[in-house]
Amino acid sequence: MNQPLKPNSFRAGPDEEGRFGKFGGRFVAETLMPLILDLQEQWNKAKSDDAFKAELEALNTHYTGRPSPLYFAERLTSELGGAKIYFKRDELNHTGSHKINNCLGQILLAKRMGKTRIIAETGAGQHGVAAATVAARFDLPCVVYMGATDVERQAPNVFRMKLLGAEVKPVTSGQGTLKDAMNEALRDWVTNVESTYYLIGTAAGPHPYPEMVRDFQSVIGREAREQIMEREGRLPDLLVAAVGGGSNAIGLFHPFLDDEDVGIVGVEAGGKGLDTDEHCASLTAGSPGVLHGNRTYLLQDADGQIEDGHSISAGLDYPGIGPEHSWLKDSGRVDYVPITDREALDAFKLLTKLEGIIPALEPAHALAEVIKRAPAMDKDQIIVMNLCGRGDKDVFTAAKALGVEL
Amino acid sequence: MTKRMEQRFADLKSEGRPALVTYFMGGDPDYSTSLGIMKALPRAGADVIELGMPFSDPMADGPAIQMAGRRALKGGQTLARTLDLAKDFRKEDQTTPIVMMGYYNPIYVYGVDRFLSDALEAGIDGLIVVDLPPEMDEELCLPALAKGINFIRLATPTTDDKRLPTVLKNTSGFVYYVSMTGITGSALPDPSRVAGAVERIKGHTNLPVCVGFGVKTAEHARLIGAAADGVVVGTAIVNQIANTLDSEGRATADTVESVATMVQGLASGARAARLDAAE
């Protein structure tokens with residue numbers, strides 16, 4: 001009886017207050033509220049403005065290289081001996097991941113709002129690179145906050161951001177990872193609220209960010225839907241994507257949420273295992289709380305203090321999750337499961353060998369779940385997985401974990 | 001509402017001087033030192049106490065208060081223990097208003113109803129919750145007001161005349177004017193601009209307006225106090241505590257005393273404010 005009633009549509013949220021069920025909302029300091037309300041107004045105008053849509057679409061096509069291919073992974077499929085596996089290849093995008101989809105949309109909005117300075121937070125550095133890229137393209141100064149730990153383990157991306165003209169500010173508070181970078185970005189924003197646009201990288205934060213980022217990322221799912229219909233003449237049986245903050249996953253999932261026959265799985269960072277303290281499975285092992293502007297599932301202690309997550313993948317070790325995922329979990333529409341560092345590494349190696357694609361460690365988590373599920377499925381069933389980032393940035397981390405010295 | 005807050009501001013008005021509102025972090029660096037500091041504050045001239053609730057992710061605070069929160073958490077502070085601080089304080093002081101200040105998540109996890117009951121019992125008079133704007137009033141503000149606990153809202157330079165009525169609607173106790181956009185511990189803004197802002201807010205409310213962010217010295221307290229009903233000092237006090245700690249971050253024999261000395265100075269500054277204005 002505790003299960004919420006099944007909604008008429010899983011795609012209707014959020015409401016005007018930015019709520020997905022009890023999740024979401026606008027939990028921010030008063031200094032930011034007028035700006036958040038202005039952002040919402042501008043976003044409402046932009047999303048129904050044909051000129052805005054046309055500009056974004058042209059950039060998606062000619063700058064990013066969309067649509068990204070839907071690739072049938074023939075050797076992996078035959079190796080696993082079950083369902084047909086397709087990859088939505090957002091790792092082929094300009095800048096190497098899905099992050100650019102969101103950054104282009106938001107920078108156009110920042111321009112419309114007359115903002116003169118961009119700030120962003122980054123974990124793995126993929127969002128930082130994408131933000132620095134669009135800032136360069138649109139000639140706006142950009143400051144990227146990045147946890148000091150991440151600065152160290154993602155050195156190639158730090159260099160990229162600097163080349164692109166961004167200032168990378170290492171954050172030493174906390175454990176020096178994504179959550180701390182987000183705190184610091186919020187502090188910058190609250191200080192420079194008049195001039196500055198905060199380009200949030202994932203489908204989290206105060207309303208309207210979760211909705212806005214989802215809508216920019218939904219291009220992934222819309223394309224995938226068309227492409228699979230073209231290739232197979234029907235919808236897939238299963239969608240799989242990695243969830244850190246959850247933007248690539250919601251981008252793939254959202255256009256399919258009301259297709260009852262499509263199973264959907266989000267894959268969280270299981271780190272060294274859920275029986276240890278070193279994981280980042282907010283949905284599987286966390287509880288609802290309020291952080292960074294929204295109510296959502298969080299890793300926290302009994303006193304409501306946020307705990308640091310762990311994952312081999314810097315893009316997944318955020319102790320929260322976009323609020324829409326929290327709602328999709330509680331409503332039962334999407335299953336969320338953990339994958340460990342070890343399983344992700346094995347998947348990373350397997351894909352590289354079988355398909356000649358080096359995935360980022362984030363989608364390697366999704367792939368590990370595909371590897372678990374595909375063999376038990378029929379050969380005529382279809383899995384679509386979001387291959388949301390390429391692994392070049394992770395080569396050093398993977399080498400270290402595999403005991404190879406470079 | 002609990003009566004202490006209203007009474008205190010009424011008394012100050014008849015004395016013709018602004019309130020000195022002092023912030024410290026509950027449990028920094030340990031429970032008993034923190035209780036010692038809390039008890040010393042009114043004796044040193046503080047009129048209202050802001051009792052900080054430590055949170056792991058203080059998004060609106062500068063480095064000083066971040067560090068204070070970390071020290072408190074490391075010392076085992078929890079929301080329950082912060083309520084205990086107030087309860088212990090009330091054993092000897094039944095008149096100084098206490099406002100708990102912090103972020104929403106620990107309260108949400110504690111349970112809103114349970115928290116409000118326990119806060120009332122502990123002698124809490126008001127709450128300042130940084131990440132609960134008026135749009136989120138149903139979360140804690142309205143339940144708190146229903147229980148008789150003041151909900152004190154922050155107004156900022158970005159709170160324009162159009163938005164002020166929204167911000168003031170369910171505010172009680174006093175209005176906390178954050179004198180700049182920014183995090184705690186920033187530099188002092190131009191006092192004349194502060195005076196203009198206070199006047200603007202007073203055009204919308206009869207509540208006392210207290211001003212904070214950037215007040216560090218007796219001279220600052222005098223300047224800001226001349227224009228407002230109260231002066232809030234936080235980071236300077238928290239820094240004073242930090243400066244007396246040993247290399248391991250533990251309290252020393254000087255900790256409580258040096259905070260008391262500093263607050264005495266701030267109090268004399270605040271008291272001088274209206275004498276200036278009267279001349």
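Reading the values: the criteria
Residues numbered from 1 in each chain as written. Chains lettered and ligands numbered in written order. Predicted model: local features only at pLDDT ≥ 70, side-chain atom pairs only at ≥ 80, totals over all residues. Heavy atoms only, no water. Axes fitted to C-alpha atoms, helices over the stretch in contact; angles between N-to-C directions. Helix = DSSP H or I, 4+ residues; strand = E, 2+ residues; numbered from the N terminus. Parallel < 35°, antiparallel > 145°, perpendicular 65-115°, else oblique. Left-handed = near helix turned anticlockwise from the far one by under 90°. Contact = heavy atoms within 4.5 Å. Expected span 1.5 Å × (residues − 1). Buried < 20%, exposed > 50% of the residue type's maximum accessible area, 1.4 Å probe, protein only. Polar contact = N/O pair within 3.5 Å; in protein donor to acceptor, adjacent residues only side chain to side chain. Salt bridge = Lys/Arg side-chain N within 4 Å of Asp/Glu carboxyl O. Pairing = 2+ DSSP bridges. Nonpolar A, V, L, I, M, F, W, Y, C, P; charged D, E, K, R; others polar. Buried area = accessible area lost by both parts, 1.4 Å probe. 1 Å grid on protein atoms, 1.4 Å probe; cavity = no way out; pocket = protein on both sides within 12 Å on 5 of 7 lines; lining within 4 Å. Points joined across faces, edges and corners; volume = space filled by probe spheres on them.

1. Things to note about the packing of helix α4 (residues 99–112) of chain A against helix α9 (residues 209–217) of chain A
Residues and elements named next belong to chain A.
Right, on to step 1. Close contact between α4 and α9 brings their axes to 8 Å; oriented N to C, the two are set at 120 degrees. Here α4 lies oblique to α9, going by the angle between them. In this structure, α4 meets α9 at a crossing whose hand is right-handed. Only Tyr-209, Met-212, Val-213, Phe-216 and Gln-217 of α9 make contact with α4, whose side of the interface consists of Lys-99, Asn-101, Asn-102, Gly-105, Gln-106 and Leu-109.

2. What about helix α2 (residues 31–44) of chain B?
Quick reminder: α-helices carry 3.6 residues per turn. Residues three or four places apart thus point the same way.
Residues and elements named next belong to chain B.
Right, on to step 1. Here α2 spans 20 Å end to end across 14 residues, near enough to the 20 Å set by a 1.5 Å rise per residue.
Right, on to step 2. Within α2, burial applies to Tyr-31, Thr-33, Ser-34, Leu-35, Ile-37, Met-38, Ala-40, Leu-41 and Ala-44.
Right, on to step 3. Between a side-chain oxygen at the N-terminus of α2 and the backbone nitrogen of Ser-32 the separation is 3.1 Å; the capping residue is Asp-30.
Right, on to step 4. Directly after α2, the chain includes Gly-45, whose backbone phi takes a positive value near 115 degrees.

3. So, the pattern of salt bridges
Right, on to step 1. Going through the model one piece at a time under the given rule, you end up with 40 salt bridges over all chains.
Right, on to step 2. With a closest N to O distance of 2.7 Å, Arg71(B) and Asp28(B) form a salt bridge. On the criterion of sequence distance, the pair formed by Arg71(B) in helix α3 (residues 63–74) and Asp28(B) in the loop between β1 (19–25) and α2 is long-range, its members being 43 residues apart. As far as the burial class goes, Arg71(B) and Asp28(B) line up, both buried.
Right, on to step 3. The partner of Glu135(B) in a salt bridge is Arg163(B), with the nearest N and O atoms 2.9 Å apart. Taken as a pair, Glu135(B) in the loop between β4 (126–129) and α7 (141–147) and Arg163(B) in the loop between β6 (154–155) and α8 (164–169) lie far apart in primary sequence, 28 residues in all.
Right, on to step 4. Salt bridges here are not isolated pairs; linked through shared partners, they connect Arg66(A), Lys88(A), Asp90(A) and Glu223(A).

4. Describing the sheet that holds strand β7 (residues 175–178) of chain B
Residues and elements named next belong to chain B.
Right, on to step 1. Read across the open sheet, the nine strands follow the order β5-β4-β3-β2-β1-β9-β8-β7-β6; overall the sheet is parallel. Both edges of this open sheet fall to β5 (150–151) and β6, since each of them pairs with a single strand only.
Right, on to step 2. Across four bridges, the pairing between strand β2 (residues 48–52) and strand β3 (residues 98–102) is parallel. If you follow Glu-50 over to β3, its bridge partner there is Val-99.
Right, on to step 3. Set on the sheet, α2 makes contact with β1, β2 and β3; between it and β1 the angle comes to about 175 degrees.

5. Topic: the packing of helix α1 (residues 33–47) of chain A against α9(A)
Residue and element names in this part refer to chain A.
Right, on to step 1. Between α1 and α9, the least distance of the axes is 11 Å, while the angle of their chain directions is 25 degrees. The angle between the axes of α1 and α9 places the two elements in the roughly parallel class. Here the hand of the crossing between α1 and α9 comes out left-handed. In this structure, α1 uses Leu-39, Trp-43 and Lys-47 to contact α9, whose residues at the interface are Tyr-209, Glu-211, Met-212, Asp-215 and Phe-216.
Right, on to step 2. In terms of residue class, the contact of α1 with α9 is built from five nonpolar, no polar and three charged.

6. A look at the interface of chain B and chain A
Bring the parts together and some accessible area is lost; that lost area is often taken as the interface size.
Right, on to step 1. Tallying the contact residues gives 35 residues for chain B and 38 residues for chain A.
Right, on to step 2. Interface area, chain B with chain A, both sides summed: about 2,900 Å², of which 52% is carbon and sulfur.
Right, on to step 3. Applying the counting rule to chain B against chain A returns three salt bridges.
Right, on to step 4. Where chain B meets chain A, there are 15 residue pairs in polar contact (both at pLDDT 80 or more).
Right, on to step 5. Counting only elements with at least two residues in the side of chain B that touches chain A, the list comes to α3 and α5 (104–110) of chain B.
Right, on to step 6. It is α5(B) that contributes the most residues to the side of chain B that touches chain A, five residues altogether.
Right, on to step 7. Its residues assigned to classes, the side of chain B that touches chain A comprises 18 nonpolar, 10 polar and seven charged.

7. Here's the deal with the environment of Lys272(A)
Right, on to step 1. Turning to its location among the elements, Lys272(A) is positioned in the loop between β10 (263–271) and α12 (282–285).
Right, on to step 2. In contact with Lys272(A), not counting residues within four places along its chain, are Glu278(A), His310(A) and Asp341(A).

8. Considering the layout of surface pockets
Right, on to step 1. Taken as a whole, the largest pocket holds about 600 Å³ of empty space.
Right, on to step 2. In terms of lining, the largest pocket is formed by 19 residues, of which the most central are Glu57(A), Asn60(A), Asp215(A), Val219(A) and Arg222(A).
Right, on to step 3. For the lining of the largest pocket, the elements supplying multiple residues, two or more each, are α1, α2 (50–64), α9 and α10 (219–232) of chain A.
Right, on to step 4. A per-class count over the lining of the largest pocket returns six nonpolar, four polar and nine charged.
Right, on to step 5. Size it by volume and the second largest pocket reaches roughly 400 Å³.
Right, on to step 6. Along its surface, the second largest pocket is lined by 18 residues, and Phe9(B), Ala10(B), Asn206(B), Leu207(B) and Pro208(B) are the ones closest to its centre.
Right, on to step 7. With six residues, helix α1 (residues 3–15) of chain B is the largest single contributor of residues to the lining of the second largest pocket.

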